[in-house]
Amino acid sequence: MQTIRVIDSHTGGEPTRIIIEGGPDLGRGPLSDRLLTFRDRFDEIRSAVINEPRGSDVLVGGLLCEPSDPTCAAGIIFFNNTGYLNMCGHGTIGLMVTLAWMKKLGPGSHRIETPVGVVTATLIDDCRVSVRNVPSWRYRKAVPVNVPGHGTVTGDIAWGGNWFFLVSDHGQNLSLSRWKELSDFTLQIRAALERDGITGANGGLIDHIELFGPPSTSESNSQNFVMCPGGAYDRSPCGTGTSAKLACLAADGKLLSGATWFQESIVGSIFEGSWQPDDSTVPTGADPVIIPTITGSAWVTGECNLILQPTDPFRAGIRT
């Protein structure tokens, strides 16, 4: 029998489950290498923690790791119901609140190691966190794709820690009551991108689709609906998705460095985003690189031990 201790939280409505004890031993070295070890040797642990009957499609998980970089307070590998995530903004906010709950760190700035690089997260108080994300940029602007039943849909391809296809002119009403229709629409867009071989830089899979529309409140600049890789929509405004949006706004000259963008989610929660320029090199033809900072709030919702019994036919979760 195996016992895995987890702490659950939600960031703007989007749940995060962090493995704090009982996870697989991935050895030492960069988290990018340890992610491959996790995937190749211990994927049943990911599935057991995140899939039914212990989890759900909407849940994002994280394995708390010792960082290889001694300047970092923690290392984290994020995953969901279908695989592994390069980076997760809402999950990093949830991680910081979880570490504070565990008395592992206090208010102030802390470096967090991820498989795609080090991010700096600032614990403002017990619930509020700012994340200085990885370098982000727009790769291609106004890319058309034919979506069956909807015609040509045009969007920008941008990196914010994951690859996004960002669409503003889509003709959809963004409201929570239409989540099924919006889910179907965004999944069709993703399928059309894969069908036509449209990718991010170096063939990177575009696994997030992001729709934008008018805000429902005067406190925000726009509202979004984000389809995540596992087929569930993001309840939060999406940290990496907001980073990708900031990169597009910066490239178009619609948001100045240091100015704040208030991004509202489909459930009404809000992230604050801003950016600073970065001198990183990017693929030929890409827009300038920015460093986004995302601020949001998270709350711990539970602690428990997950029990994996050897006789349980769904010990490794229900895989679809």
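Residues numbered from 1 in each chain as written. Predicted model: local features only at pLDDT ≥ 70, side-chain atom pairs only at ≥ 80, totals over all residues. Heavy atoms only, no water.

It is worth spelling out the overall build of the protein chain at this point. Helices and strands together make up the secondary structure of the protein chain, namely five helices and 16 strands. A compact globule built from 320 residues should have a C-alpha radius of gyration of about 20 Å, and the protein chain, at 19 Å, falls within 12% of that. Projected onto the principal axes, the alpha-carbon positions of the protein chain cover approximately 50 × 40 × 40 Å. Relative to its 320 residues, the protein chain shows a buried fraction of 55%. Nonlocal contacts in the protein chain, meaning residues at least 24 apart in sequence, comprise 64% of its contacts between residues at least 6 apart. Counting every atom, the protein chain has about 13,300 Å² of accessible surface; 49% of that belongs to carbon and sulfur. Side-chain charges in the protein chain split into 25 positive and 33 negative, and the spacing between the mean points of these groups amounts to 2 Å. (Helix = DSSP H or I, 4+ residues; strand = E, 2+ residues; numbered from the N terminus. Rg over C-alpha atoms; globule rule 2.2 N^0.38 Å. Buried < 20%, exposed > 50% of the residue type's maximum accessible area, 1.4 Å probe, protein only. Contact = heavy atoms within 4.5 Å. Areas by Shrake-Rupley, 256 points an atom, 1.4 Å probe, with all protein chains shown as cover. Lys, Arg positive; Asp, Glu negative; His and termini not counted. Charge placed at Lys NZ, Arg CZ, Asp CG, Glu CD.)

Moving on, we come to the side chain of His-90. Take His-90: it is sitting in helix α3 (residues 89-101). A relative accessible area of 2% means that His-90 is categorised as buried. A distance of 3.4 Å separates a polar side-chain atom of His-90 from the backbone oxygen of Pro-15. Beyond its immediate sequence surroundings of up to four residues, His-90 is in contact with Thr-11, Glu-14, Pro-15, Thr-16, Val-60, Ser-236, Gly-239 and Phe-271. (Polar contact = N/O pair within 3.5 Å; in protein donor to acceptor, adjacent residues only side chain to side chain.)

What follows deals with unusual backbone geometry. Pro-53 follows Glu-52 through a cis peptide bond whose omega is 10 degrees. Locating Pro-53 in the fold gives a position in the loop between α2 (43-50) and β3 (60-65). The backbone of Lys-103 sits at a positive phi, close to 65 degrees, despite the residue not being glycine. As for its placement among the helices and strands, Lys-103 is situated in the loop between α3 and β6 (108-114). Of note in the backbone geometry, Ala-142 takes a positive phi value of approximately 50 degrees without being a glycine. Examined against the element boundaries, Ala-142 turns out to sit in strand β9 (residues 137-147). We classify Ala-142 as partly exposed; its relative accessible area is 45%.

The next point concerns the packing of aromatic side chains. The full count for this structure, using the stated rule, is nine aromatic pairs. The interplanar angle of 90 degrees and the centroid separation of 6.0 Å between the aromatic rings of Trp-137 and Trp-163 together place this pair among those described as edge-to-face. Residue Trp-137 is located in strand β9, and its partner Trp-163 is located in strand β11 (residues 163-167); the two are separated by 26 residues in the primary sequence. Of the residues examined, Trp-163 reaches a relative accessible area of 8% and is grouped as buried. Counting every residue linked through ring pairs, the aromatic cluster contains Trp-137, Tyr-139, Trp-159 and Trp-163. If you follow Arg-235 out to its NZ or CZ, it ends over the ring of Tyr-233, 3.9 Å from the centre. (Phe/Tyr/Trp six-rings, centres within 6.5 Å; stacked < 30°, edge-to-face > 60°. Lys NZ or Arg CZ within 6 Å of the ring centre and 35° of its normal.)

Before going further, it helps to spend a moment on the pattern of salt bridges. Opposite charge on two side chains permits them to pair, given that their charged atoms come into close proximity. All told, the structure shown has 14 salt bridges when counted by the stated rule. A salt bridge links Arg-17 to Asp-8; the nearest nitrogen and oxygen atoms lie 2.9 Å apart. An identical accessibility class is assigned to Arg-17 and Asp-8; each is buried. Through salt bridges with shared partners, a single ionic network connects Arg-138, Lys-141, Asp-156, Asp-252 and Asp-287. (Salt bridge = Lys/Arg side-chain N within 4 Å of Asp/Glu carboxyl O.)

On to the pairing of strand β1 (residues 2-11), then. Direction of pairing for β1 relative to strand β16 (residues 290-308): antiparallel, over a ladder of ten bridges. Bridge pairing in β16 places Gln-2 opposite Leu-308. Taken together, the seven bridges between β1 and strand β2 (residues 14-21) define a ladder with antiparallel strand orientation. Bridged to Arg-5 within β2 is Glu-21. Linking two consecutive strands that pair antiparallel, namely β1 and β2, is a turn of two residues; a positive phi of about 55 degrees is found at Gly-12 within it. (Pairing = 2+ DSSP bridges.)

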